[in-house]
Amino acid sequence: MKLRPYQESAVAAVRAAWEAGKQCPLLVAPTGAGKTVMAKTLLSGARSPCAIVHSDVLFEQTAEEIPCARVYTIHSLVAEGPAGDMRRAGLARHDACFIDECHHIVSDSWRQALPHLSHMRRFGATATPKRADGTPLGDVFDAIVVAAKYSELVSAGFLVRCDVWSPDVGRKRQKKEKLRPDGVAAYLEHARRPDGSWRPGIHFEVTIPSCEMASARYREAGVRSAVICKDTCSRERRRAFEAYASGELDMLCSPTALAEGFNLPRAEVCVLRRSCDHVGDWLQRVGRVLRPAPGKERALLIDCCDTRSKHGLPTDD
């Protein structure tokens with residue numbers, strides 16, 4: 001596997017941290033930087049590697065992209081009953097562990113699993129090593145490796161530049177008057193290509209019913225759309241992802257299921273119709289559309305809640 005220069009440097013830095021006696025380095029890189037590729041390289045020398053993720057979407061992607069590792073969801077590891085006991089006991093056979101989206105690691109469920117990982121060589125990866133609740137990650141991680149910054153990846157062509165559309169109504173007025181601009185209407189106005197086709201997008205709403213209403217409106221306007229949420233079964237979710245990747249779907253609507261780990265570079269437009277008060281949430285969601293793809297020159301953020309005025313542009317360092 002041919003690594004990019006910054007990936008080679010980051011992998012070497014994590015290995016150097018281990019050699020220096022560090023138990024659990026933290027690898028930081030923007031969404032789209034290839035954290036899974038770096039993780040696969042770091043696990044390649046292990047006898048029995050494993051990976052732990054926090055969602056079913058990430059479980060399926062990680063199992064496909066890192067076939068050498070046994071993948072667990074954190075929910076399965078902390079589950080009560082014989083099945084959970086068996087999985088926790090099975091962790092003893094692993095000698096290396098990759099923890100994806102590791103800013104979640106200080107939550108209560110993760111803390112239950114951590115004692116079962118202490119015998120392994122471990123590392124975590126995230127684009128956003130800062131939690132909304134302010135809980136520090138230094139209780140778990142003892143070194144930090146920054147693989148790259150947004151500006152570096154954009155300059156090198158590993159991420160695309162992002163245009164931003166914001167409404168005339170700012171954040172303060174929206175909150176005061178309880179206004180929420182129409183994301184579907186904004187997409188229909190700004191996301192059509194010159195040839196009449198629709199730029200593929202992801203639409204984030206607050207609730208599942210609001211996603212379903214948005215998806216119905218898209219379909220009425222000729223935008224092929226589907227809803228992906230926590231209740232979507234794995235077979236239906238996989239079918240929707242395949243249709244989206246092949247160009248049979250134009251839009252995926254979701255409250256949270258696609259906010260982290262979703263990796264289909266074809267996604268070009270992010271319709272953000274929910275407030276992201278924390279910068280981590282903002283970067284995770286908008287990062288879904290920054291990966292380059294054939295024919296994709298720029299991304300578009302339809303920032304209905306004017307979040308840019310608080311956090312800056314999506315590709316700011």
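Residues numbered from 1 in each chain as written. Predicted model: local features only at pLDDT ≥ 70, side-chain atom pairs only at ≥ 80, totals over all residues. Heavy atoms only, no water.

Participant: How do you make sense of the sheet that holds strand S4 (residues 96-100) when you look at a structure like this?
Facilitator: Sheet strands line up and pair through hydrogen bonds in the backbone, either parallel or antiparallel. Strand order across the open sheet formed by six strands is S3-S2-S4-S5-S1-S6, with parallel pairing between neighbours. At either margin of the open sheet sits one strand with a lone partner, and together these are strand S3 (70-73) and strand S6 (143-146). Going from strand to strand, the sheet's axes swing by 20° on average, the running direction of each strand aside. In this sheet, S6 lies alongside strand S1 (residues 25-28) in parallel orientation, the contact comprising four bridges. Following the sheet pairing, Leu26 is matched in S6 by Ile144. (Pairing = 2+ DSSP bridges. Helix = DSSP H or I, 4+ residues; strand = E, 2+ residues; numbered from the N terminus. Axes fitted to C-alpha atoms, helices over the stretch in contact; angles between N-to-C directions.)

Participant: When you look at the nonpolar core in this model, what are you seeing that I'm missing?
Facilitator: Looking at soluble globular proteins, one finds that nonpolar side chains tend to be buried together. Core analysis: the largest hydrophobic core is formed by 60 residues, its most contacted members being Leu27, Phe98, Phe123, Phe241, Leu252, Leu258 and Leu272. No other element matches the five residues that helix H1 (residues 5-19) contributes to this core. Those residues within four positions of Leu27 in sequence are excluded, and the remaining contacts are Ala10, Val14, Met38, Gly124, Ala125, Thr126, Val145 and Ala147. Formed by 22 residues, the second largest nonpolar core is a distinct cluster that contains Cys50, Leu91, Val106 and Met120. (Core = buried A, V, L, I, M, F, W, Y, C linked by side-chain atoms within 4.5 Å. Buried < 20%, exposed > 50% of the residue type's maximum accessible area, 1.4 Å probe, protein only. Contact = heavy atoms within 4.5 Å.)

Participant: Honestly, the environment of Pro255 in this entry has me stumped. Any pointers?
Facilitator: Position of Pro255 relative to the elements: it lies in the loop between strand S10 (251-254) and strand S11 (269-272). Sequence-wise, Pro255 and Cys229 are 26 residues apart; in three dimensions their C-alpha atoms are separated by 6.6 Å. In this structure Pro255 touches Phe204, Glu205, Val206, Thr207, Ile208, Cys211, Ile228, Cys229, Arg274 and Arg285, once residues within four positions along its chain are discounted.

Participant: Would you take a moment to explain the pairing of S10 for this structure?
Facilitator: Two faces, one strand: in a regular strand the side chains alternate between the faces of the sheet. Neither face of S10 is open: one carries Met251 and Cys253, the other Leu252 and Ser254, and all of them are buried. Two elements, strand S8 (residues 201-204) and S10, share four bridges in a ladder whose sense is parallel. The residue bridging Phe204 from the neighbouring strand is Ser254, located in S10. Pairing between strand S9 (residues 225-227) and S10: three bridges, direction parallel. Opposite Ser225, over in S10, you have Met251 as the bridge partner. With respect to chirality, the unit in which S9 leads through helix H11 (residues 234-246) into the neighbouring parallel S10 is right-handed. (Right-handed = clockwise from strand over helix to strand, strands pointing away.)

Participant: How do you make sense of the packing of aromatic side chains when you look at a structure like this?
Facilitator: Working definition: an aromatic ring pair is given by the centre-to-centre distance plus the angle between the planes. Scanning all chains against the criterion turns up seven aromatic pairs. Their ring planes at 70° and their centres at 5.8 Å tell us that Trp18 and Phe123 sit as a pair that is edge-to-face. Of this pair, Trp18 sits in helix H1 while Phe123 sits in strand S5 (residues 121-126), and the two are 105 residues apart along the sequence. A relative accessible area of 1% means that Phe123 is categorised as buried. Ring centres 5.6 Å apart and planes at 25° place the aromatic pair Tyr187 and Trp198 in the stacked group. Separated by eleven residues along the polypeptide, Tyr187 in helix H9 (residues 183-190) and Trp198 in the loop between H9 and S8 bring together distant segments of the chain. (Phe/Tyr/Trp six-rings, centres within 6.5 Å; stacked < 30°, edge-to-face > 60°.)

Participant: How should helix H5 (residues 82-90) be read in this particular structure?
Facilitator: Count 3.6 residues to each turn of an α-helix, and residues three or four apart come out pointing the same way. Where H5 is concerned, the buried positions are Gly84, Arg88 and Gly90. With its buried residues spanning 160° around the axis, H5 presents them on a single face. H5 presents Pro82, Met86 and Ala89 as exposed residues on the side facing more than 90 degrees away from its buried surface. Those residues of H5 hidden inside the fold are in contact with S3 and helix H4 (74-77). (Arc of directions from axis to C-beta.)

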